[in-house]
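The lines below spell out each chain.
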Amino acid sequence: MKGALVPIAMLVCLTACDDMSNQAKQRHYAPAVGPAAVPSNTVEYLDRPSQAPPVTLELLERGQERFRIYCTPCHSELGDGHGMVVQRGFPPPPSYHTEHLRQAPVQHFYDVMTQGYGAMYPFADRVRPEDRWAIAAYIRALQRSQNATDGDISADRRGALE
Ligand code: HEC
């Protein structure tokens, strides 16, 4: 009698398991395709085509402020990729001071923020297009600051170095 129960129990288990695997799943994982619907009164998700604004001191200051909020946790204040989050184990980003990123057009930084890049998530839903341009301009300034030559200093100020 006891022996007969075991196969029955197994059968019940098998059918039960089978049922579960055939159940309709409510949520299939699928990567988001295309822009999400934009809830009103929020930061624009994907922007209209926009162009890099002229670089002014105001733009750079805004860029520096936004950069410090959104990017330094990983990229660090210097942009060398040794931010605090990386020191806690997040995959390290490349330094902004590589030849590849120094040669990249400013648009590239804008696009990386909009779309994300590899392990880096996009910032389009939290950084406005104007601020993305400001950050991109600031990164360019940061790159130049780490690779500056005498030629970057106007002739009338060069004397201050001597
Ligand atoms: C949570 C960490 C994190 C934050 C915050 C972050 N990044 Fe990144 N970033 C990364 C990582 C990691 C990579 C390398 C991704 C890869 O290669 O898979 C990267 C790569 C990049 C690159 C290099 C792309 C290339 O062509 O190699 C740029 C430019 C960049 N980030 C800009 C930014 C800017 C601007 C911000 C702020 C708005 C920012 N990142 C915020 C982690 C971060």
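Going by the structure above, here's the rest.
Being a predicted model, the structure only gives us computed values, none of them experimental. (Residues numbered from 1 in each chain as written. Predicted model: local features only at pLDDT ≥ 70, side-chain atom pairs only at ≥ 80, totals over all residues. Heavy atoms only, no water.)

Q: What's the story with the coordination of the iron atom of the ligand in this structure? I'm lost.
A: For a metal with four tetrahedral donors the ideal donor-metal-donor angle is 109.5 degrees, whereas six octahedral donors ideally subtend 90 or 180 degrees. Here the iron atom of the ligand is held by the protein donor atoms His75 (NE2) and Met120 (SD), which lie 2.0 to 2.1 Å from it. Around the iron atom of the ligand, the six donor atoms sit at angles spanning 84 to 178°, and that spread fits a shape best called octahedral. Of the two residues, His75 is situated in helix 3 (residues 72–75) and Met120 in the loop between helix 6 (106–115) and helix 7 (129–146); the sequence distance between them amounts to 45 residues. Under the relative-accessibility criterion, His75 is labelled buried at 11%. Under the relative-accessibility criterion, Met120 is labelled partly exposed at 24%. (Donors = N, O, S within 2.8 Å, 3.2 Å for Na, K, Ca; no water. Tetrahedral: all angles 85-135°; square planar, octahedral: opposite > 155°, others 65-115°. Helix = DSSP H or I, 4+ residues; strand = E, 2+ residues; numbered from the N terminus. Buried < 20%, exposed > 50% of the residue type's maximum accessible area, 1.4 Å probe, protein only.)

Q: Can you walk me through the layout of surface pockets in this structure?
A: A probe as big as a water molecule, rolled over the atoms, marks out the empty space that is left. By volume, the largest pocket is sized at about 530 Å³. Along the wall of the largest pocket there are 24 residues; nearest its centre are His75, Pro93, Pro94, Val112 and Met120. Looking at the lining of the largest pocket, the elements that each hand over two or more residues are helix 3, helix 5 (99–103), helix 6 and helix 7. For the lining of the largest pocket, the element with the highest residue contribution is helix 6, accounting for four residues. In terms of residue class, the lining of the largest pocket is made up of 21 nonpolar, three polar and no charged. (1 Å grid on protein atoms, 1.4 Å probe; cavity = no way out; pocket = protein on both sides within 12 Å on 5 of 7 lines; lining within 4 Å. Points joined across faces, edges and corners; volume = space filled by probe spheres on them. Nonpolar A, V, L, I, M, F, W, Y, C, P; charged D, E, K, R; others polar.)

Q: Mind showing me how you'd approach helix 2 (residues 57–70) here?
A: Two residues of an α-helix separated by three or four positions point the same way, owing to the 3.6 residues in each turn. Between its terminal C-alpha atoms helix 2 stretches 20 Å, which fits the 20 Å expected from 14 residues at 1.5 Å a residue. Among the residues making up helix 2, those that are buried are Leu59, Gly63, Arg66 and Phe67. An end-on view of helix 2 places all buried positions within 105° of arc, on one side of the element. Residues of helix 2 that are exposed and point over 90 degrees away from its buried face: Leu57 and Glu58. (Expected span 1.5 Å × (residues − 1). Arc of directions from axis to C-beta.)

Q: Looking at this model, I keep getting lost on the nonpolar core. Mind explaining?
A: Nonpolar side chains tend to gather and get buried jointly when the protein is soluble and globular. Among the nonpolar cores identified, the biggest contains 14 residues, and Phe67, Tyr96, Phe109, Ile135 and Ile139 are the most heavily contacted of them. Of all the elements in the fold, those that place two or more residues in this core are helix 6 and helix 7. For this core, the element with the most residues is helix 7, which contributes five residues. Apart from residues lying up to four places away in sequence, Ile135 is in contact with Gly63, Arg66, Phe67, Cys71, Met113 and Val127. (Core = buried A, V, L, I, M, F, W, Y, C linked by side-chain atoms within 4.5 Å. Contact = heavy atoms within 4.5 Å.)

Q: Would you take a moment to explain the environment of Ile153 for this structure?
A: Its location among the elements puts Ile153 in the loop between helix 7 and helix 8 (155–158). We classify Ile153 as partly exposed; its relative accessible area is 26%.

Q: Help me understand the packing of aromatic side chains in this model?
A: When we look at a pair of aromatic rings, we describe it by the centre distance and by the angle of the planes. If you walk through the whole model with that rule in mind, you get six aromatic pairs. Note on Phe67 and Tyr138: the rings are 5.4 Å apart at their centroids and 55° apart in plane angle, and the pair reads as tilted. Residue Phe67 is found in helix 2, and its partner Tyr138 is found in helix 7; the two are separated by 71 residues along the sequence. What makes Phe67 buried here is its relative accessible area of 0%. The interplanar angle of 90° and the centroid separation of 6.3 Å between the aromatic rings of Tyr96 and Phe109 together place this pair among those described as edge-to-face. Of this pair, Tyr96 sits in the loop between helix 4 (84–87) and helix 5 while Phe109 sits in helix 6, and the two are 13 residues apart along the sequence. Directly above the ring of Phe123 sits Arg126, whose terminal nitrogen or CZ lies 5.1 Å from the centroid. (Phe/Tyr/Trp six-rings, centres within 6.5 Å; stacked < 30°, edge-to-face > 60°. Lys NZ or Arg CZ within 6 Å of the ring centre and 35° of its normal.)

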